[in-house]
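Breakdown of the fold
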Amino acid sequence: MKERVLSGMRPTGALHLGHYHGALKNWVRLQSSMDCYFFVADWHALTTHYESREVIEKNVYEMVIDWLAAGLDPDQCTLFLQSRIPEHAELFTLLAMGTPLGWLERVPTYKDQQEKLKDKDLSTYGFLGYPLLQAADILIYKAKYVPVGEDQASHVELTREAARRFNHLYGREVNFEDKLALTFAKLLPEEVKRFEKSRKKFQETGDLKSLDGATGFVNNDPRLEVSDRERLLGYFKGTGSSILPEPQVLLTQASKLPGLDGAKMSKSYNNAIAIREDRATLESKVRKMPTDPARIKRDDPGKPERCTVWQFHQIYSNETTQAWVQDGCTSARIGCLDCKQPIIEAILHEQQPMLERAQRYIQEPRLVRDIIDAGTERARITARETMNDVRQAMGLNY
Ligand code: TRP
Ligand code: SF4
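From a predicted model like this one, the values you see are computed outputs, not experimental measurements.

Observations concerning the site of ligand 2
Around ligand 2, the structure places Thr291, Asp292, Arg295, Pro304, Cys307, Val309, Val325, Cys329, Cys336 and Cys339. The set of elements that each furnish at least two residues to the shell around ligand 2 consists of helix H16 (319-330) and helix H17 (336-363). For the shell around ligand 2, the class distribution of residues is 7 nonpolar, 1 polar and 2 charged.

Spelled out as structure tokens, the structure:
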């Protein structure tokens, strides 16, 4: 059984090479070894674009084409659309009941984004709930790993807290005390006594040796069934049985590829190269890139360390080309346009297979919709299963 990985992206614009080097390449790498779920987070996009939803509509399928172009393979991973699975909203609502406001107000992205996106009114209920909706996305698939960048780590942490709280509040089976007594009846009275003593020690002091001891005993005792084991360990740890497992963040290294101006690559900074940028635009964008400010005239020697083009060479060029840049720049033997040419070629080369893969989806948009339909149906089965457990745990199956 492969372990489950889940991640999503907001469809707010064409994906660029920063997304590719920072996230997508990693998703593609994970898809063969893990049970990967990747989804279009269109509701999350609405939290910031509720007044310009046409942006989202335009980008949902375009983004999926970018994913497929980058190499995501629908036979290997599950690709789906958040808003087609209303169970996400149901779990979000149920989690919301017991989530303290302070947890959400303290998430760093809440204030940061409000500061950054000043032109938008983000003092909304939906925006405050953003990380809790994300928690629902993750928990509904019982994902083990969530590959995201550093900026999203606090959202995964909140997800863990929400899961812990849910399990604590509702993780107990109906008639837990009676069932526990039946399980204890399978053991000898002195074993029960020892178990209770050890539990007390663990809960009061956090002594891990006691936990290890109890886990070993419970897992190896042939008198116990699986449900007895769950029950005993949940009782020991004080967590009940865990209905929603806590996920772990799988930190993706920040993209080493900066934007054209040296700042973080972002569509809103106007410094991005789209994954499927056309050749003429690509060439013109790279040719216009600012270079070492000290190289005013062609004859002025420069220092690659002061130049963003050099950072591109570090990703796109081999050692020979890098040596040529170092030597040519510091001696003024090459001009900046000469220096940029290998970058243009390297990006074109990187794009080539992506453009080829994208071609059939552009010609036949139906294919993209079919991929998302199939993925959504697959995801829905898992989401429904979890919601059945959740409703039962909360006593909602009247
Ligand atoms: N908040 C994420 C981002 O902006 C997108 C997202 C929504 C997500 N739900 C998720 C990522 C669940 C991982 C898991 O990038
Ligand atoms: Fe930058 Fe290359 Fe020009 Fe040097 S030669 S300043 S590295 S673009």
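What to know about the site of ligand 1
As a structural note, the neighbourhood of ligand 1 is formed by 14 residues, with Arg10, Tyr130, Gln134, Asp137 and Gln152 the closest of them. The contact in question runs from a nitrogen atom of ligand 1 to an N or O atom on the side chain of Asp137, over 2.8 Å. When ligand 1 sits alone it has 370 Å² of accessible area, and the protein chains cover 89% of it. Along the lines of polarity and charge, the residues of the shell around ligand 1 split into 7 nonpolar, 5 polar and 2 charged.

Concerning the packing of aromatic side chains
Taken as a whole and assessed by the stated rule, the structure comprises 15 aromatic pairs. Relative to Phe236, the ring of Phe202 lies with its centre 5.5 Å away and its plane at 25°, an arrangement referred to as stacked. Separated by 34 residues along the polypeptide, Phe202 in helix H11 (residues 189-205) and Phe236 in helix H13 (residues 226-237) bring together distant segments of the chain. Residue Phe202 is classed as buried on the basis of its relative accessible area of 14%. The class of Phe236 is buried, set by a relative accessible area of 0%. Ring-pair connections join several aromatic residues into one group, and the members of that group are Phe176, Phe184, Phe195, Phe202, Tyr235 and Phe236.

Quick word on the domain arrangement of the protein
Interfaces are often described in size by the accessible area the parts lose on coming together. The domains assigned to the protein are domain 1 (4-169 + 247-256 + 364-394), domain 2 (172-237) and domain 3 (276-362). The gap between the C-alpha centroids of domain 2 and domain 3 is 63 Å.

Structural notes on the environment of Arg199
Checked against the element boundaries, Arg199 lands in helix H11. Between the C-alpha atoms of Arg199 and Tyr235, which are 36 residues apart in sequence, the distance is 8.4 Å. If near-sequence neighbours (up to four positions away) are discounted, Arg199 is found in contact with Tyr235 and Phe236.

The rules behind these values
Residues numbered from 1 in each chain as written. Chains lettered and ligands numbered in written order. Predicted model: local features only at pLDDT ≥ 70, side-chain atom pairs only at ≥ 80, totals over all residues. Heavy atoms only, no water. Near = heavy atom within 4 Å. Helix = DSSP H or I, 4+ residues; strand = E, 2+ residues; numbered from the N terminus. Nonpolar A, V, L, I, M, F, W, Y, C, P; charged D, E, K, R; others polar. Polar contact = N/O pair within 3.5 Å; in protein donor to acceptor, adjacent residues only side chain to side chain. Areas by Shrake-Rupley, 256 points an atom, 1.4 Å probe, with all protein chains shown as cover. Phe/Tyr/Trp six-rings, centres within 6.5 Å; stacked < 30°, edge-to-face > 60°. Buried < 20%, exposed > 50% of the residue type's maximum accessible area, 1.4 Å probe, protein only. Domains from an automatic or database assignment. Contact = heavy atoms within 4.5 Å.

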